[in-house]
Amino acid sequence: MVKTVFNVLYRRLLQYYGPQGWWPIRNKSKNKGFDSGGYHKGDYSYPRTFKEAFEIILGAILTQNTSWRNVCRSVSNLNKENLLSPESVLSCCKETLSQIIRSSGYYNQKAIKLREISKFLIDKNYLSITKPPTREELLSVWGIGDETADSILLYAFKKHFFVIDTYTKRILFRLGILKEDKKYQEIQKLFHKNINQDLAIYNEFHALFVRHSKEYCMKKPYCSDCFLKDMCIYGKL
DNA sequence: CGCCAGGTGGGAT
DNA sequence: ATCCCACATGGC
């Protein structure tokens, strides 16, 4: 039963790694770089102001196919330049914006994406954490795909959308739960049907997949030391 | 040096 | 629908 496997998997990941404290956000008090924990502790780092939600939205776009480390600099730069609001992003010239987010890669495309989401939020008047856009509306914005939309809905607006990324697919495939060619919506449905409708679990489970993909289940995995090898079929073929 | 990183959109088939 | 590619920096 998939439900049982998910339950066991979640518990074991959480026990091994502990809470990941997503979404990571600038640590104001320390004023240096990023800190995955320590921000809104016990509240899974959910934003309390629209500015914080917008920071998450920007980060979700900037981290597309890009390491989080590279995104941190960009978001810090955006903060330094007072660009953590849709209005200020739009008022910034495109070339300047590109350079500010340079470290995230794809900076020309991403500068456009940041402007597009900013324009969307202003046009539709989605400028409060209690007034989220729909998934369909987000997907209609140029530069927002399935994963980014769900990241925004879950981590910025506390809506129940499970985030599927390449890591999630890879781990589930290696565990023998999924076939390789499953599509985003199908995988998401699998989670929605088989785990509790609990924000903390949606939040944490995805973050734990990312963590596990970095520690053990990378492209070239360290199966021999992996604490999940007893329930995994990968490498035993 | 090569490979990878919390994807997406566009164009050809 | 599905495959293929451009997009680009920084760490290891």
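Look up: the structure comes first, before these words.
Just so you know, these numbers come straight off a predicted model, no measurement behind them.

A. Local environment of helix α10 (residues 184-194). Every buried residue of α10 is accounted for by Tyr-184, Ile-187, Gln-188, Phe-191 and Asn-194. For α10, the angular spread of the buried residues around the axis is 145 degrees, confining them to a single face.

B. Structural view of the protein's contact with DNA strand C. If you check the shell around DNA strand C, you find Asn-65, Arg-69, Asn-70, Arg-73, Arg-102, Ser-103, Gly-105, Tyr-106, Tyr-107, Asn-108, Gln-109 and Lys-183 and nothing else. Between DNA strand C and Asn-108, the relevant distance is 2.8 Å, taken from a phosphate oxygen to a main-chain nitrogen or oxygen of the residue. Residue Gln-109 places a main-chain N or O atom 3.0 Å away from a phosphate oxygen belonging to DNA strand C. Counting only elements with at least two residues in the surface near DNA strand C, the list comes to α3 (68-80) and α6 (107-123).

C. Spotlight on the packing of aromatic side chains. Inspection of the entire model under this criterion finds 20 aromatic pairs. When the centroid spacing of 6.1 Å and the interplanar angle of 65 degrees are considered together, the rings of Tyr-16 and Tyr-216 count as edge-to-face. Here the residue Tyr-16 occupies a position in helix α1 (residues 2-17), and Tyr-216 occupies one in the segment after α11 (199-215), the gap between them amounting to 200 residues. By relative accessible area, which is 14% here, Tyr-216 ends up buried. Measuring from ring centre to ring centre gives 5.6 Å for Trp-22 and Trp-23, while their planes differ by 65 degrees; the resulting arrangement is edge-to-face. We classify Trp-22 as buried; its relative accessible area is 15%. Owing to a relative accessible area of 5%, Trp-23 belongs among the buried residues under this scheme. One aromatic cluster is present, formed by Phe-6, Tyr-10, Phe-162, Phe-191, Tyr-202, Phe-205 and Phe-209 through successive ring pairs. Lying over the aromatic face of Trp-142, Lys-113 brings its terminal NZ or CZ to 5.9 Å of the ring centre. The ring of Tyr-234 carries the charged tip of Arg-174 above its face, separated from the ring centre by 4.5 Å.

D. Geometry of the packing of helix α8 (residues 146-156) against α10. Look at α8 against α10: their axes get within 11 Å of each other, and the N-to-C directions meet at 35 degrees. Helix-helix and strand crossings are classified by hand; for α8 and α10 the assignment is right-handed. Contact residues: Asp-146, Glu-147 and Asp-150 in α8; Tyr-184, Gln-185 and Gln-188 in α10. Looking at the contact of α8 with α10 residue by residue, the classes come out as one nonpolar, two polar and three charged.

E. The protein's contact with DNA strand B, seen in detail. If you check the shell around DNA strand B, you find 25 residues, and the closest are Trp-23, Trp-142, Thr-148, Tyr-167 and Lys-214. What you see for DNA strand B is that sugar and phosphate hold 70% of its atoms within 4 Å of the protein. Note that a phosphate oxygen of DNA strand B is positioned 2.7 Å from one of the side-chain N or O atoms of Thr-148. In this structure, Tyr-167 approaches DNA strand B through a side-chain N or O atom, which is 2.4 Å from a phosphate oxygen. For the surface near DNA strand B, the secondary-structure elements that each account for two or more residues are α8, α9 (166-175) and α11. Residue classes in the surface near DNA strand B are distributed as 10 nonpolar, nine polar and six charged.

F. View of the environment of Gly-145. Tracing the sequence through the fold places Gly-145 in the loop between α7 (135-139) and α8. Sequence separation of Gly-145 and Thr-49 is 96 residues, and the distance between their C-alpha atoms is 24 Å.

G. Seen up close, the environment of Gly-21. Mapped onto the secondary structure, Gly-21 falls in the loop between α1 and β1 (25-26). Distance from Gly-21 to Ser-45, taken between C-alpha atoms, is 6.0 Å for residues 24 residues apart in sequence.

H. Representation of the layout of surface pockets in the model. Here the largest pocket is characterised by a volume of approximately 770 Å³. Lining of the largest pocket is provided by 25 residues; of these, Trp-22, Thr-63, Tyr-167, Val-210 and Lys-214 occupy positions nearest its centre. At the level of elements, α8, α9 and α11 are the ones that each hand at least two residues to the lining of the largest pocket. Considering every element that reaches the lining of the largest pocket, the biggest residue donor is α11, with six residues. Taken together, the residues that form the lining of the largest pocket break down as nine nonpolar, 11 polar and five charged.

Quick notes on the rules
Residues numbered from 1 in each chain as written. Chains lettered and ligands numbered in written order. Predicted model: local features only at pLDDT ≥ 70, side-chain atom pairs only at ≥ 80, totals over all residues. Heavy atoms only, no water. Buried < 20%, exposed > 50% of the residue type's maximum accessible area, 1.4 Å probe, protein only. Helix = DSSP H or I, 4+ residues; strand = E, 2+ residues; numbered from the N terminus. Arc of directions from axis to C-beta. Near = heavy atom within 4 Å. Polar contact = N/O pair within 3.5 Å; in protein donor to acceptor, adjacent residues only side chain to side chain. Phe/Tyr/Trp six-rings, centres within 6.5 Å; stacked < 30°, edge-to-face > 60°. Lys NZ or Arg CZ within 6 Å of the ring centre and 35° of its normal. Axes fitted to C-alpha atoms, helices over the stretch in contact; angles between N-to-C directions. Left-handed = near helix turned anticlockwise from the far one by under 90°. Contact = heavy atoms within 4.5 Å. Nonpolar A, V, L, I, M, F, W, Y, C, P; charged D, E, K, R; others polar. 1 Å grid on protein atoms, 1.4 Å probe; cavity = no way out; pocket = protein on both sides within 12 Å on 5 of 7 lines; lining within 4 Å. Points joined across faces, edges and corners; volume = space filled by probe spheres on them.

This is a description of form; function is not addressed.
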